[in-house]
Amino acid sequence: MSAAREPRVLVLGYGNPGRQDDGLGPAFAERVYALALPNVTAEADYQLTVEDALTVTGHDVVLFADACLEGAAPFTLSRLEEQSGGSSLDSHRLSAGALLGLTRALFGRAPQAYLLALRGYAFDGFEEGLTPQARANLEAAVAAVGPRLSTGALEAHQPAP
Amino acid sequence: MSGQTRTVTIEPVTRVEGHGKVTILLDGQGQVSQARLHIVEFRGFERFIQGRPYWEVPVLVQRLCGICPVSHHLAAAKAMDLIVGAERLTPTAEKIRRLMHAGQVFQSHALHFFHLASPDLLFGFDADPAVRNIVGVARQHPELARQGVLMRKFGQEIILATAGKKIHGTGAVPGGVNKNLSPAERDAFLSQIDQMLLWSRSALQLARDYTEAHLDELAAFGSFGSNHVALVRADGAMDLYHGGLRAIGPDGATLFDHVDYQAYFHYIAEEVKPWSYMKFPFISSLGPESGWYRVGPLARVNACDFIPTPEAEQARQAFKAASGGRPNNLTMAYHWARMIELLYAAETIRDLLHDPDLQGHDLLVQGERRDEAVGLIEAPRGTLFHHYRVDRNDQVTLANLIVSTTHNNTPMNRAVTDVARRFLGGATVTEGLLNRIEVAIRAYDPCLSCATHALGQMPLAVELRDAAGNLLDRRVSS
């Protein structure tokens with residue numbers, strides 16, 4: 001009897017590290033990359049774009065990591081549903097849900113997906129580096145989510161503040 | 001009520017900073033008196049650069065935008081070339097940069113066409129927004145969507161090979177580049193280029209067919225005569241990487257030509273308006289009232305004498321013929337012009353890949369140091385200025401950037417005003433009005449912000465308020 005194949009997990013962290021806490025998503029991806037988990041791929045980018053569908057479709061589980069302006073600290077982990085797209089004024093943004101919808105439309109399948117919303121506090125300055133509170137939220141997320149990544153079992157989770 | 005106004009507000013709060021908002025001012029009779037497109041341009045970035053060593057700038061400026069970092073990378077590198085006295089790059093360095101730039105234009109135009117333009121062109125302005133988007137295109141036109149994704153990926157791979165990274169590339173350095181293109185990289189791109197050319201032709205045909213089939217409708221949709229500003233080569237050819245500045249009027253008359261952009265401030269001035277964070281550039285000699293201009297694909301195709309690749313030139317001639325040999329002033333013709341440039345970029349990539357200079361090893365030059373320089377490039381969205389001063393300690397003391405969307409500020413306001421006048425009636429904000437304002441703005445391919453992307457964004461909202469500020473109607477886009 002052969003062992004079950006480990007799920008192929010992708011962590012996609014996005015945001016602008018040059019805008020303070022907007023860099024939470026990429027920072028999370030970098031921390032996951034450093035964990036060197038064998039079945040987990042971690043990538044960072046400024047924003048999601050259409051060709052990310054090519055990457056997403058090759059995985060069983062995808063965790064999107066982004067900073068959030070409001071919401072619970074230190075983070076919220078929720079199941080992500082596919083979306084139809086919606087209107088846009090420029091080509092500089094694509095929501096994670098729309099990316100999932102695009103992936104299914106293009107390839108006939110979409111992976112199980114989750115959204116990690118990391119609470120940030122400062123976004124207005126052109127400055128690299130997270131605020132202390134955001135840094136603490138990042139550490140909490142890495143500690144809580146990191147050990148479960150390999151399994152792909154990322155049920156919705158909202159830690160007590 | 002005479003003389004009083006009501007206000008319609010369209011507010012896509014898309015990011016922490018950098019969202020756009022449209023305010024439509026109505027007179028007492030309910031007619032549109034003016035429409036204002038507010039774009040919260042990036043602020044403070046120049047100060048972020050000041051004090052940094054000049055050699056860091058071509059990398060730092062890529063923080064501005066995740067879609068067009070290469071344009072900022074190259075504009076800054078061109079300025080820093082002059083700072084280090086590199087008046088003329090080696091053939092390998094210049095061609096590597098041109099390949100990087102062509103890859104950038106290719107991926108950006110392909111992304112715009114697939115992501116923003118094709119839903120409007122394929123489904124129509126009144127289609128359900130739940131369908132009129134990229135996922136809708138992928139569901140109903142999967143082959144076109146697949147092409148869009150793979151074209152964008154191809155351009156990104158060109159950037160990766162020439163800049164070292166897809167984001168925060170380091171390939172262009174003051175005085176040249178830090179790597180050439182290996183034979184293996186070249187061969188990988190050559191194996192795909194024919195497919196890219198084929199898909200580019202198809203996209204161009206779609207944009208052309210749409211425009212020609214809807215000429216009457218589009219002539220009455222946010223269209224108006226304007227000046228056009230673009231770089232051109234010394235012989236008048238389109239050149240997106242380097243050249244002199246040319247300005248033409250609405251009828252094609254030359255306003256200035258082959259201007260050395262080191263002295264751009266003698267020809268271009270900027271007006272400040274109290275209601276907008278973004279400035280309003282204009283041709284100095286004409287003044288702000290009549291000196292405003294368009295930049296980007298429409299301006300470039302209008303302004304050049306010819307395109308130096310055969311298929312794109314053939315397409316330019318057809319484009320020119322559609323407007324009787326005069327400049328095309330249809331806002332929606334941006335899409336057609338953009339696809340002509342897509343094909344031009346593909347042809348340019350093909351030609352460069354066959355040039356053995358790309359495998360050269362002479363990558364850097366230096367000369368007599370300067371303390372001030374301007375770098376200019378035709379970014380996908382239009383002309384991009386980077387102006388710097390550097391002190392004796394190699395630190396930047398002044399940085400001034402004028403981005404494409406700023407150049408197009410007045411034309412976008414004009415387009416929105418025109419659309420609002422035609423499609424707003426009564427005290428109700430209709431879905432049709434909202435759709436059409438979006439369509440007009442999208443044609444310019446604006447970069448509404450080069451800022452942040454955090455969750456917590458509000459969708460596009462339209463508010464109708466009376467003269468006293470009372471909310472009459474509100475519509476939120478889906």
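Residues numbered from 1 in each chain as written. Chains lettered and ligands numbered in written order. Predicted model: local features only at pLDDT ≥ 70, side-chain atom pairs only at ≥ 80, totals over all residues.

K.L.:
Would you mind going over the overall build of chain A with me for this structure?
P.N.:
For chain A, the count of helices and strands is 4 helices and 5 strands. The N-to-C order of helical and strand elements in chain A reads β-α-β-α-β-β-α-β-α. Here the analysis covers contacts within chain A between residues at least 6 apart in sequence; of these, 74% occur between residues at least 24 apart. (Helix = DSSP H or I, 4+ residues; strand = E, 2+ residues; numbered from the N terminus. Contact = placed C-beta atoms within 7 Å.)

K.L.:
Got a minute to help me understand the overall build of chain B in this structure?
P.N.:
Broken down by element type, chain B carries 15 helices and 16 strands. A total of 478 residues make up chain B; the buried ones form 55% of that total. Within chain B, contacts between residues separated by at least 24 positions form 71% of all contacts whose residues are at least 6 apart in sequence. (Buried ≥ 20, exposed ≤ 12 C-beta atoms within 10 Å, placed from the backbone.)

K.L.:
Looking at this structure, how should I read the sheet that holds strand β8 (residues 254-259) of chain B?
P.N.:
Each strand in a sheet pairs with another by means of backbone hydrogen bonds, the pair being arranged parallel or else antiparallel. All names here are of chain B. Strand order in the open sheet formed by 4 strands is β8-β7-β6-β11, with mixed pairing between adjacent strands. Edge positions in the open sheet fall to β8 and β11 (293-294), since each of these has one partner strand only. In this structure, strand β6 (residues 227-232) lies alongside strand β7 (residues 244-248), joined through 5 bridges in antiparallel fashion. By the bridge assignment for β7, His228 is matched with Ile248. (Pairing = 2+ DSSP bridges.)

K.L.:
Would you mind going over the environment of Phe126 of chain A with me for this structure?
P.N.:
Tracing the backbone shows Phe126 of chain A in the loop between β5 (112-119) and α4 (132-145). Between the alpha carbons of Phe126 of chain A and Gly18 of chain A there is a distance of 5.7 Å; along the sequence they are 108 residues apart. Each residue touching Phe126 of chain A, except ones within four places of it in the same chain, is listed here: Gly18 and Arg19 of chain A together with Gly44, Phe45 and Phe48 of chain B.

K.L.:
What is the right way to look at the pairing of strand β1 (residues 9-14) of chain A in this model?
P.N.:
The two faces of the sheet receive side chains in turn, since in a regular strand these alternate between them. Residues and elements named next belong to chain A. Here β1 lies mainly inside the structure; 6 of its 6 residues are buried. Here β1 shows two buried faces, one formed by Val9, Val11 and Gly13 and the other by Leu10, Leu12 and Tyr14. Sheet topology note: the β1/strand β3 (residues 61-68) ladder contains 5 bridges and is parallel. Bridge pairing in β3 links Leu12 to Phe64. Looking at chain direction, β1 and strand β2 (residues 40-45) are connected through 6 bridges and run parallel.

K.L.:
How do you make sense of the domain arrangement of chain B when you look at a structure like this?
P.N.:
It is common to give the size of an interface as the accessible area lost on bringing the parts into contact. All names here are of chain B. When its domains are assigned, chain B resolves into domain 1 (6-43 + 425-476) and domain 2 (53-406). Taken residue by residue, the interface counts 19 residues in domain 1 and 24 residues in domain 2. Of all the elements in the fold, those that place two or more residues in the side of domain 1 that touches domain 2 are β3 (32-39) and α15 (431-443). Ranked by residues supplied to the side of domain 1 that touches domain 2, first place goes to α15 with 7 residues. In terms of residue class, the side of domain 1 that touches domain 2 is built from 10 nonpolar, 3 polar and 6 charged. (Domains from an automatic or database assignment. Nonpolar A, V, L, I, M, F, W, Y, C, P; charged D, E, K, R; others polar.)

K.L.:
Please explain the packing of helix α1 (residues 24-35) of chain A against α4 of chain A as it appears in this structure.
P.N.:
In a pair of packed helices, the angle between the axes and the distance between the axes together describe the arrangement. Residues and elements named next belong to chain A. Running from amino to carboxyl end, α1 crosses α4 at an angle of 40 degrees, the nearest separation of the two axes being 10 Å. Looking at the two axes, α1 sits oblique to α4. Judged by the sense of rotation from one axis to the other, the crossing of α1 with α4 is right-handed. Contacts from Leu24, Ala27, Phe28 and Arg31 of α1 reach α4 at Ala134, Leu138, Ala141 and Val142. The residue inventory of the contact of α1 with α4, partitioned by class, reads 7 nonpolar, no polar and 1 charged. (Axes fitted to C-alpha atoms, helices over the stretch in contact; angles between N-to-C directions. Parallel < 35°, antiparallel > 145°, perpendicular 65-115°, else oblique. Left-handed = near helix turned anticlockwise from the far one by under 90°.)

K.L.:
Explanation requested: the sheet that holds strand β14 (residues 396-402) of chain B in the structure shown.
P.N.:
Residues and elements named next belong to chain B. In spatial order, the strands read β12-β13-β14; together these 3 strands make up an open sheet with antiparallel pairing. The sheet terminates laterally at β12 (372-379) and β14, the two strands that pair on one side only. For this sheet the average axis-to-axis angle between neighbouring strands, irrespective of direction, equals 15 degrees. Pairing of β12 with strand β13 (residues 382-390) involves 8 bridges; the strand directions are antiparallel. Bridge pairing links Gly375 to His386 in β13. Its contacts with the sheet put helix α3 (residues 69-83) on β12 and β13, and the angle it makes with β12 is roughly 150 degrees.

K.L.:
How do you make sense of the pairing of β14 of chain B when you look at a structure like this?
P.N.:
Residue and element names in this part refer to chain B. The pairing of β13 with β14 spans 6 bridges and is antiparallel. Within β14, the residue paired with Arg389 across the bridge is Leu398. The turn joining β13 and β14, which pair antiparallel and follow one another in sequence, is formed by 5 residues; a positive phi near 70 degrees is taken by Asp394.

K.L.:
Even after reading the chapter, I still don't get the nonpolar core, so can you show me in this structure?
P.N.:
Core analysis: the largest hydrophobic core is formed by 188 residues, its most contacted members being Val11, Leu116 and Leu118 of chain A together with Ile340 and Val416 of chain B. A total of 14 residues in this core trace back to one element, the largest contributor, which is helix α4 (residues 91-123) of chain B. Residues lining this core come from more than one domain, with at least three contributed by each of domain 1 (6-43 + 425-476) and domain 2 (53-406) of chain B. Among all residues touching Leu116 of chain A, those that are not within four sequence positions of it are Phe28, Leu63, Phe64, Ala65, Phe75, Leu77, Ala141 and Val145 of chain A. (Core = buried A, V, L, I, M, F, W, Y, C linked by C-beta atoms within 7 Å.)

K.L.:
Would you explain unusual backbone geometry in this entry?
P.N.:
Glycine aside, the phi torsion of most residues is negative, and most peptide linkages are trans. Residue and element names in this part refer to chain A. Across the junction of Ala73 and Pro74, the peptide omega takes the value 5 degrees, indicating a cis bond. Within the secondary structure, Pro74 is located in the loop between β3 and β4 (75-79). The phi angle at Ala36 is positive, at roughly 55 degrees, despite the residue not being glycine. With respect to the element layout, Ala36 can be found in the loop between α1 and β2.

K.L.:
Would you explain α4 of chain B in this entry?
P.N.:
Note on helix geometry: an α-helix contains 3.6 residues per turn, so any two residues three or four positions apart are oriented the same way. All names here are of chain B. An ideal rise of 1.5 Å per residue puts 48 Å on 33 residues; α4 measures up with 46 Å between its terminal C-alpha atoms. The largest bend in α4 is about 55 degrees, located at Ala117, with the proline Pro119 one to four residues further on. In terms of burial, α4 is a largely internal element, 29 of the 33 residues being buried. Once α4 finishes, Gly124 follows within two positions and takes phi at roughly 90 degrees, a positive value. (Expected span 1.5 Å × (residues − 1). Bend = angle between axes of the 7 residues up to and from the residue.)

K.L.:
So what exactly am I meant to see when it comes to the environment of Arg338 of chain B here?
P.N.:
Residues and elements named next belong to chain B. In this structure, Arg338 sits in helix α12 (residues 333-353). Residues Arg338 and Asp445, spaced 107 residues apart in sequence, show a C-alpha to C-alpha distance of 9.8 Å. Look past the residues within four positions of Arg338 in its chain and what remains in contact with it is His109, His112, Phe113 and Pro297.

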